[in-house]
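What follows is each chain in one-letter form.
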Amino acid sequence: MSPDVLIEVRGLRSVFGTQVVHDALDLDVRRGEILGVIGGSGAGKSVLLRSIVGLKDPDGGSVRFLGKDTTHLRAEDRRAIDRRIGVMFQDGALFSSLTVLENVELPLIESHHLPPDLVKDIALLKIALTGLPPDAAAKYPAQLSGGMRKRAGLARALALDPEILFLDEPTSGLDPVGAAAFDELISTLRNALNLTVFLVTHDLDSLYSICDRVAVLSDRHVVVADRVGAVENHPDPWIQACFRGPRARGARAHRPVPPTATAGAFDGNSR
Ligand SMILES: Nc1ncnc2c1ncn2[C@@H]1O[C@H](COP(=O)(O)OP(=O)(O)OP(=O)(O)O)[C@@H](O)[C@H]1O
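Procedures and definitions
- Residues numbered from 1 in each chain as written.
- Predicted model: local features only at pLDDT ≥ 70, side-chain atom pairs only at ≥ 80, totals over all residues.
- Near = placed C-beta within 6 Å.
- Helix = DSSP H or I, 4+ residues; strand = E, 2+ residues; numbered from the N terminus.
- Nonpolar A, V, L, I, M, F, W, Y, C, P; charged D, E, K, R; others polar.
- Contact = placed C-beta atoms within 7 Å.
- Buried ≥ 20, exposed ≤ 12 C-beta atoms within 10 Å, placed from the backbone.
- Pairing = 2+ DSSP bridges.
- Axes fitted to C-alpha atoms, helices over the stretch in contact; angles between N-to-C directions.
- Parallel < 35°, antiparallel > 145°, perpendicular 65-115°, else oblique.
- Left-handed = near helix turned anticlockwise from the far one by under 90°.
- pLDDT = per-residue confidence, 0-100.
- Expected span 1.5 Å × (residues − 1).
- Arc of directions from axis to C-beta.

Per an unreviewed UniProt entry, the protein goes by the name Phospholipid/cholesterol/gamma-HCH transport system ATP-binding protein and belongs to Tahibacter aquaticus.

Every residue lining the ligand is accounted for by Phe16, Val21, Gly39, Ser41, Gly42, Ala43, Gly44, Lys45, Ser46 and Val47. For the shell around the ligand, the element with the most residues is helix H1 (residues 45–53), which contributes three residues. Counted by class, the shell around the ligand contains four nonpolar, five polar and one charged residues.

Take the environment of Val47 next. When you line up the elements, Val47 lands in helix H1. It is 8.1 Å that separates the C-alpha atoms of Val47 and Val21, two residues lying 26 residues apart in sequence. Excluding residues within four positions of it along the chain, Val47 makes contact with Ser14, Val21, His22 and Lys56.

Our focus in this paragraph is helix H3 (residues 100–111). Listing the buried residues of H3 in full gives Val100, Leu101, Asn103, Val104, Glu105 and Pro107. In this structure, the buried residues of H3 make contact with helix H4 (116–129) and helix H5 (146–157).

What follows concerns the sheet that holds strand S7 (residues 164–168). With mixed pairing, six strands are arranged side by side in an open sheet as S6-S7-S8-S3-S9-S10. Two strands bound the open sheet, and with one partner strand each, they are strand S6 (85–88) and strand S10 (221–226). The mean inter-strand angle of the sheet, taken between neighbouring strand axes irrespective of direction, is 15°. Sheet analysis places strand S3 (residues 34–39) next to strand S9 (residues 213–218), joined by five bridges and oriented parallel.

This next bit is on the packing of H3 against H4. Working note: a packed helix pair is described by the angle between its axes plus the distance between those axes. Their axes nearest at 9 Å, the elements H3 and H4 cross at an angle of 120°. What the angle tells us is that H3 and H4 run oblique. Of the two elements, H3 crosses H4, and the hand of that crossing is right-handed. Note on element contacts: H4 touches H3 through Val119, Lys120, Ile122, Ala123, Leu124, Lys126 and Ile127, opposite Val100, Leu101, Val104, Glu105, Leu108 and Ile109. Tallied by class, the residues present in the contact of H3 with H4 amount to ten nonpolar, no polar and three charged.

Below, the discussion takes up the confidence of the model for the protein. Residues of the protein with pLDDT of at least 70 account for 90%, and the chain-wide mean is 88. Within the model, pLDDT remains below 50 along residues 259–271, and this stretch shows 23 contacts once partners closer than five positions in the same chain are excluded.

What follows is about the environment of Ala136. Note on placement: Ala136 falls in the loop between H4 and H5. Among the residues examined, Ala136 registers 22 C-beta atoms within 10 Å and is labelled buried. Along the sequence, Ala136 and Leu217 sit 81 residues apart, while their C-alpha atoms lie 37 Å from each other. Those residues within four positions of Ala136 in sequence are excluded, and the remaining contacts are Val100, Ile127, Leu144, Met148 and Ala152.

The next thing to look at is helix H6 (residues 176–193). The end-to-end C-alpha distance of H6, which contains 18 residues, comes to 25 Å, matching closely the 26 Å that a straight helix rising 1.5 Å per residue would cover. Buried within H6 we find Ala179, Phe182, Asp183, Ile186, Ser187 and Arg190. Considered in projection along H6, the buried side chains sweep an arc of 135° and stay on one side of the axis. Away from its buried face by more than 90 degrees, H6 exposes Val177 and Ala192. Positive backbone phi, approximately 55°, marks Asn194, located one or two places after H6.

With that settled, the discussion passes to the sheet that holds strand S1 (residues 5–16). Taken in spatial order, the four strands of this open sheet run S2-S1-S4-S5, and their pairing is antiparallel. Edge positions in the sheet fall to strand S2 (19–30) and strand S5 (68–69), since each has one partner strand and no second. Sheet topology places S1 next to S2; eight bridges connect them, and they run antiparallel. Residue pairing for S2: Leu12 is matched across the bridge by Leu25. Sheet strands in contact with H1 are S1, S2 and strand S4 (60–65), and its direction is about 120° off that of S1.

Have a look at this one:
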């Protein structure tokens, strides 16, 4: 396994009853990249994310994290890998009975034996990193806007200083300005914190503006994983329908010039 590959998925099979969601699925996640994962509704993007982060056992094949097969780990080794992974689910998946601060403190309390004051300081730092105002820390999730809840979910995903961040449709439900700001935040954090980002999305603007590579799920496997400029020319019918539509034309037209800092963070960034 190349040292540039952080996660290697090989021959993944995922089954629910009689439904085969993934079959012979291969995918590499390279260190430092923002990998966009797209596909039609029900193509298996979220199940793939859950399989990689250990929330669903593969029904076949393997998931390797830094060369280590994660499917047959002792609990202690699983916890060590979990500490290197941050996950932000679509709705933020915050505990409604806890404040934002308490939500972000929780993984720190569960994983480290740190003094309460230090836990609080680290959590407040993560909250600030995501651009939330200081008064958001004391609020409950129901008192926040959708965009603020997503930032709070991101702060919690960053709590343990992960190497790799998994984001499940982070811009869904945001207005275009809020979605663009969230994209920029992800790109900035990737560069500042040397993160690798696995981004499940339906948002074509995100693909063009921040993703180094795009993996397309169709027909139970990854049809192509490449720079967006190469993916959009792939002959797969779903890809053609996706990238030839009016929304893709709009996203391409607004493609920003990649910042030089982004280019430096990932060698393969050559959109
Ligand atoms: N726990 C589960 N039990 C049974 N079926 C499941 C379960 N989780 C997912 N599935 C099925 O697996 C398939 C893939 O689901 P998944 O959520 O990964 O799709 P997706 O590509 O993320 O879709 P969307 O873009 O709509 O969110 C769907 O048909 C879904 O119904």
